[in-house]
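Residues per chain, in single letters:
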Amino acid sequence: MRKSRILYGMILLIEMGLLFWSGSGLLLGMLTAQFLILVLLWIALRLDTEKLKLSLRMPSACLAGRELLLTLEIDKKVFLAAGVMEAVLACENHMMNMKNELPVRVIFAGKKHMVQIPFQTDSCGQSQIQLKQIRCYDIFGLMERDIPMLDEQSMVVYPRETALQLSLENLLSGGWEGEQRTLDRCGRDTSEVFELREYQPGDDVRRIHWKLSGKMGKMLIRQASDTFRCDTYVLLDTGHMDETRNYPITQMAAAVSVAASVSQGLSELGISHYTGIAAGEHLLSSPVGESAEFQRMLNTWMTVRLAETKGKALSYFMLEQFQQHYNRLIYITNGMCPEAFFELPPELKITAVCILEDKEEASVRQQGNCTILEIPQGELWKTMYTIAI
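Quick summary incoming for the structure in this document. Remember, predicted model here, so these are calculated numbers, not experimental data.

1. Remarks on the pattern of salt bridges
Line of reasoning, step 1. Under the counting rule described, the total for this entry stands at 11 salt bridges.
Line of reasoning, step 2. Here E73 ties to R57 by a salt bridge, and the two come within 3.2 Å at their closest N and O atoms. Here E73, found in strand β3 (residues 66-75), pairs with R57, found in strand β1 (residues 53-57); they are 16 residues apart in sequence, far enough to count as distant.
Line of reasoning, step 3. Overall, E73 belongs to the buried group, its relative accessible area being 17%.
Line of reasoning, step 4. Judged by its relative accessible area of 44%, R57 is partly exposed.
Line of reasoning, step 5. Among the salt bridges present, the one from K359 reaches E374, with a minimum N-O distance of 3.5 Å. Placement of the pair is K359 in the loop between β19 (349-356) and β20 (363-367) and E374 in strand β21 (residues 370-376), with a sequence separation of 15 residues.
Line of reasoning, step 6. Exposure remark for K359: the relative accessible area of 24% places this residue in the partly exposed category.

Here it is, written out as structure tokens:
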């Protein structure tokens, strides 16, 4: 567009110089016609843009790691002079504190246009998307006119599904009562938080936990409790940097995916638990029992801005002395465990999952009361890993 304007301007300057030197009437007529063309183009372009209708369509939610096609619809019956539209698709991911801009260019060639805009969802979190800096040019690229930006739209990108699975071997040896602490007073609503026990003759078959019974090899019954209490805590401790390095967004998103997979797996197995994530200057704890509670927790997480410095969630967890109220901690982080992690009390049974960017193979090691599983980031989506809880 700029080249067209420069060329047209140079032609006008040359003609004006020749007109001043020769005084030719023909040159005066040509110069007048060229100025008139500019005026007519400006008027026609203004009429086009005033009646131009734009709309951007996108899903309200999707999974991370997929390429979407956003649809830009342009509705206009007749174009008098408009030939090209340029704009910027701006996306702000609140969770990752990340902003991206994608250039968009449309060539008008009919009454209604539907343009597919590729959009990569690499990172989870709630994103605000807006088409702005919209500008129309005439068919010669000489005149331009700005169009008001479209309204901002929200899209939730949920964490990518991992290949992790949970093993209940440690729970079997210790029994259910030691892993999940509930009040003795039982409720009647099977949708409430529950503890599990073996089936006995006369029990309501509707309370049988079929999925877990198949895994355990014996019939288990849900026994409802009227108060949500549990001894398992899932802590997501992620951040953009620590004392030694900065972490890529993809590694942080992988840690969020692992934490979501662990919580969902516990919920599917009927293990009530709490999840925690650093939110500002405090630890945001959410109870998770049924699948509906997991979904509410996940929706809340997607609106939280992750900490700049890794280790904040662990600091809040220790500062508020949460370790005194739980028997088991499942700790998920990007990178290695910080030094403060090894200061947790020895009576707390800990499983740590570390997502590493530059590691080639997964490894597991035991350090005191801690089981530390180190997983390469790229293998999360390819290889099945088992986390013993």
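The structure having been displayed, the exposition proceeds.
2. What to know about the layout of surface pockets
Where empty space is left in the structure can be found by rolling a water-sized probe over the atoms.
Line of reasoning, step 1. Its boundaries defined by the atoms lining it, the largest pocket holds a volume of some 340 Å³.
Line of reasoning, step 2. If you trace the largest pocket, you find 19 residues lining it, with D242, E243, M336, C337 and P338 closest to the centre.
Line of reasoning, step 3. A per-class count over the lining of the largest pocket returns seven nonpolar, five polar and seven charged.
Line of reasoning, step 4. In this structure, the second largest pocket spans a volume of roughly 280 Å³.
Line of reasoning, step 5. Contributing to the lining of the second largest pocket are 13 residues, with L164, Q165, L166, G265 and E268 lying nearest its centre.
Line of reasoning, step 6. Elements that contribute at least two residues to the lining of the second largest pocket include exactly β10 (164-167), α4 (210-216) and α5 (249-268).
Line of reasoning, step 7. For the lining of the second largest pocket, the leading source of residues is α5, giving four residues.
Line of reasoning, step 8. Partitioned by chemical class, the residues of the lining of the second largest pocket number three nonpolar, six polar and four charged.

3. Describing helix α1 (residues 2-22)
Line of reasoning, step 1. Here α1 spans 30 Å end to end across 21 residues, near enough to the 30 Å set by a 1.5 Å rise per residue.
Line of reasoning, step 2. Contacts from the buried residues of α1 go to α2 (25-50).
Line of reasoning, step 3. Residue G23 follows α1 closely and has a positive phi angle near 70 degrees.

4. What about the nonpolar core?
Line of reasoning, step 1. One finds M96, M302 and I332 to be the most contacted residues of the largest nonpolar core, which totals 47 residues.
Line of reasoning, step 2. Top contributing element to this core by residue count: α5, with 11 residues.
Line of reasoning, step 3. Beyond its immediate chain neighbours, meaning those up to four positions away, M302 contacts M95, C124, G125, Q126, V156, V157, Y158, P159 and V256.
Line of reasoning, step 4. Core analysis: the next-biggest nonpolar cluster, separate from the first, contains 42 residues, Y8, L19, M58 and L89 among them.

5. Details of the packing of aromatic side chains
Line of reasoning, step 1. One pass over the full model with this rule turns up six aromatic pairs.
Line of reasoning, step 2. Here the aromatic rings of F79 and F108 are separated by 4.4 Å at their centres, their planes lie at 10 degrees, and the arrangement is stacked. Remark: F108 occurs in the loop between β5 (98-107) and β6 (112-121) and F79 occurs in the loop between β3 and β4 (82-93); sequence separation between them is 29 residues. Neither residue differs from the other here; F79 and F108 are each classed as buried.
Line of reasoning, step 3. Ring geometry for Y233 versus Y326: centroids 5.1 Å apart, planes at 70 degrees, classification edge-to-face. Placement of the pair is Y233 in strand β13 (residues 232-237) and Y326 in the loop between α7 (312-319) and β18 (328-334), with a sequence separation of 93 residues.

6. Observations regarding the sheet that holds β18
Line of reasoning, step 1. Overall, mixed pairing links the seven strands, which are arranged β16-β15-β13-β18-β19-β21-β20 in an open sheet. Strands at the two margins of the open sheet, each flanked by one partner only, are β16 (282-288) and β20. Across the sheet, the mean angle from the axis of one strand to that of its neighbour is 20 degrees, orientation sign disregarded.
Line of reasoning, step 2. Of the pairings in the sheet, the one linking β20 to β21 comprises five bridges and is antiparallel in character. In the sheet register, S363 faces β21, and the bridge partner there is E374.
Line of reasoning, step 3. Its contacts with the sheet place α5 against β13, β15 (273-279), β16, β18 and β19, and it is angled at close to 155 degrees to β18.
Line of reasoning, step 4. Packing against the sheet, helix α6 (residues 291-301) makes contact with β13, β15 and β16, and its axis sits at approximately 155 degrees to β16.

Conventions and cut-offs
- Residues numbered from 1 in each chain as written.
- Predicted model: local features only at pLDDT ≥ 70, side-chain atom pairs only at ≥ 80, totals over all residues.
- Heavy atoms only, no water.
- Salt bridge = Lys/Arg side-chain N within 4 Å of Asp/Glu carboxyl O.
- Helix = DSSP H or I, 4+ residues; strand = E, 2+ residues; numbered from the N terminus.
- Buried < 20%, exposed > 50% of the residue type's maximum accessible area, 1.4 Å probe, protein only.
- 1 Å grid on protein atoms, 1.4 Å probe; cavity = no way out; pocket = protein on both sides within 12 Å on 5 of 7 lines; lining within 4 Å.
- Points joined across faces, edges and corners; volume = space filled by probe spheres on them.
- Nonpolar A, V, L, I, M, F, W, Y, C, P; charged D, E, K, R; others polar.
- Expected span 1.5 Å × (residues − 1).
- Contact = heavy atoms within 4.5 Å.
- Core = buried A, V, L, I, M, F, W, Y, C linked by side-chain atoms within 4.5 Å.
- Phe/Tyr/Trp six-rings, centres within 6.5 Å; stacked < 30°, edge-to-face > 60°.
- Pairing = 2+ DSSP bridges.
- Axes fitted to C-alpha atoms, helices over the stretch in contact; angles between N-to-C directions.

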